[in-house]
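So you can see what is in the structure, the chains are spelled out below.
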Amino acid sequence: MQAVWMKEFGGPEVLVPAETPDPRPGPGQVLIDVVFASVTFVETQIRAGTGPMRAEPPLIPGNGVGGTVAAVGAGVDGSLVGRRVVSTTGGSGGYAERVAVPAAGLIEVPDSLGLDIAVALLADGRTAVMLAEAAAPAAGERVLVEAAAGGVGTLLVQLAHAAGATVVAAAGGPRKLDVARRLGARVLVDYRSPDWADQVRAAVRGLDVVFDGVGGAIGRGAFDLLDRGGRMVSYGLASGEWAGIPAEAAAARGVRLLSPERPSPERMRALTETALAEAAAGRLGPVIGQRFPLARAADAHAAIESRATVGKTLLEVG
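About the criteria used
- Residues numbered from 1 in each chain as written.
- Predicted model: local features only at pLDDT ≥ 70, side-chain atom pairs only at ≥ 80, totals over all residues.
- Heavy atoms only, no water.
- Salt bridge = Lys/Arg side-chain N within 4 Å of Asp/Glu carboxyl O.
- Helix = DSSP H or I, 4+ residues; strand = E, 2+ residues; numbered from the N terminus.
- Buried < 20%, exposed > 50% of the residue type's maximum accessible area, 1.4 Å probe, protein only.
- Expected span 1.5 Å × (residues − 1).
- Contact = heavy atoms within 4.5 Å.
- Core = buried A, V, L, I, M, F, W, Y, C linked by side-chain atoms within 4.5 Å.
- Pairing = 2+ DSSP bridges.
- Axes fitted to C-alpha atoms, helices over the stretch in contact; angles between N-to-C directions.
- Parallel < 35°, antiparallel > 145°, perpendicular 65-115°, else oblique.
- Left-handed = near helix turned anticlockwise from the far one by under 90°.
- Nonpolar A, V, L, I, M, F, W, Y, C, P; charged D, E, K, R; others polar.

Undergrad: Explain the pattern of salt bridges to me, please; I cannot follow it from the model alone.
TA: Two side chains bearing opposite charge may form a pair once their charged atoms approach each other closely. All told, the structure shown has 19 salt bridges when counted by the stated rule. A salt bridge links Asp178 to Arg181; its shortest N-O distance comes to 2.5 Å. Highlighted residues: Asp178 and Arg181, both in helix α5 (residues 174-182), separated by 3 residues, approximately one helical turn. For Asp178, a relative accessible area of 28% translates into the label partly exposed. Because the salt bridges share partners, they merge into one network encompassing Asp22, Asp33 and Arg98.

Quick look at the structure:
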């Protein structure tokens, strides 16, 4: 099979396609013929040797795939063969034509849902649902979504809008802000502008909820916009650092800093199934902004790092 290998840390060019022996499903595992693989910002950090997660090369990157079960290992129900599924890989192995994963982690894709949609929701969907449940935006509240044109951000815009909140979208540039507008955002600010926080305050006076996917100075500026009783949940550090809001500063302002605990495997499955069900019902839809052939995984990483992408980035494999 063809797979993309990362044999050292470095720029996108270290991602190199190569013929690789097919994996074999061991006991309790299944073999998936991969159709789509997810590409994430965190994976670009892993490749560069930076960020909060570490991995040691050589390895095949990729943690989320969708495809068809091709074979099963010992102890696995043979009726799974032919089923359309999505699955995580345990952190690596996803940028490949085939992958062996534990059968217990498979999530079947509803018949009405495309595999590309399901893969786009595998990580981002469960994350967005978890964050929305934690912050619980309500009708009439003012909700800021940072990185509102990203994979998680586009979903949070939809979830907050569906809850009846006034959504303030912060993103970099008119193209990204237009994506957020079409998903329900009412106030649009380019957070590359020095006065972006002033623009938010002029439009809605203050905020009730902040979904902080950027961190750094942007996250700290968003915190300053929260009114008493507000909630802030930080889930990403696109800036390269967390917002780092001191607990005592939040307490003095009457703001709750929410830190959802890492969900159990059972909870992760439930969150993913909720996202897929919402998508199948037409109430939630990922924005798939970029698709690259498997052999161009390096180009996918370069696009994400250049901030040129919107929504989700996928590798087309099968």
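Picking up where we left off.
Undergrad: Quick question: what am I supposed to make of helix α4 (residues 151-162) here?
TA: Along an α-helix, residues three or four apart share an orientation, since each turn contains 3.6 residues. An ideal rise of 1.5 Å per residue puts 16 Å on 12 residues; α4 measures up with 17 Å between its terminal C-alpha atoms. Gly164 sits one or two positions beyond α4 and adopts a positive phi of about 95 degrees.

Undergrad: Where do I start with unusual backbone geometry in this structure?
TA: Leave glycine aside and you will find that most residues have negative phi; peptide bonds, for their part, are mostly trans. With an omega dihedral of 5 degrees, the bond running from Pro57 to Pro58 counts as a cis peptide bond. By the secondary structure assignment, Pro58 is in the loop between α1 (41-48) and β4 (64-72).

Undergrad: Can you walk me through α1 in this structure?
TA: Those residues of α1 that fall on the buried side of the exposure criterion are Glu43, Thr44, Gln45, Ile46 and Arg47. Lining the buried residues of α1 we find β1 (2-6), β2 (15-19), β3 (29-39) and α10 (297-305). Looking one or two places after α1, you find Gly49, whose phi comes out positive at around 80 degrees.

Undergrad: Could you clarify how one ought to interpret the nonpolar core in this entry?
TA: Nonpolar side chains in soluble globular proteins tend to end up buried together. Within the largest apolar cluster, 40 residues are counted, with the highest numbers of intra-cluster contacts made by Val86, Val143, Val145, Leu156, Val157 and Phe211. Counting residues per element, this core draws most heavily on helix α2 (residues 115-122), at 6 residues. Ile32, Val85, Tyr95 and Val101 belong to the second largest nonpolar core, which has 33 residues in total.

Undergrad: Is there a simple way to explain the sheet that holds strand β12 (residues 226-234) in this structure?
TA: What holds strands together in a sheet is hydrogen bonding between their backbones, with the strands either parallel or antiparallel. Strands sit in the order β10-β9-β8-β11-β12-β13 across an open sheet of 6 strands; the sheet is parallel. Taken across any chain shown, the strands that pair with only one partner, and hence form the sheet edges, are β10 (187-190) and β13 (256-258). On average, each strand axis in the sheet is inclined to that of its neighbour by 15 degrees, with strand direction left out of account. Of the strand pairs in this sheet, strand β8 (residues 142-146) and strand β9 (residues 166-171) are connected by 5 bridges, and their pairing is parallel.

Undergrad: Help me understand the environment of Ala252, please; the structure alone is not making it clear to me.
TA: Along the chain, Ala252 falls in helix α8 (residues 247-253). The exposure class assigned to Ala252 is exposed, which follows from its relative accessible area of 57%. Spatially, the C-alpha atom of Ala252 lies 42 Å from that of Gly62, the residues being 190 residues apart in sequence.

Undergrad: Help me out: how do you make sense of the packing of α2 against helix α9 (residues 265-280) in this one?
TA: Between two packed helices, the angle of one axis relative to the other and the distance separating the axes together describe the packing. At a minimum axis separation of 10 Å, α2 and α9 run at an interaxial angle of 140 degrees. Classified by the angle between their axes, α2 and α9 sit oblique to one another. Between α2 and α9 lies a crossing whose hand is right-handed. Across the interface between the two elements, Ile117, Ala118, Leu121 and Leu122 of α2 pack against Thr272, Ala275, Leu276 and Ala279 of α9. Along the lines of polarity and charge, the residues of the contact of α2 with α9 split into 7 nonpolar, 1 polar and no charged.

Undergrad: Explain the pairing of strand β5 (residues 84-88) to me, please; I cannot follow it from the model alone.
TA: Look at any regular strand and the pattern is simple: side chains alternate between the two faces of the sheet. Relative to β5, β4 runs antiparallel, the two sharing 5 bridges. Counterpart to Gly66 in the pairing with β5 is Val86. Note: β5 against strand β7 (residues 107-108), 2 bridges, orientation antiparallel. Note that in β7 the partner of Val85 across the bridge is Glu108.

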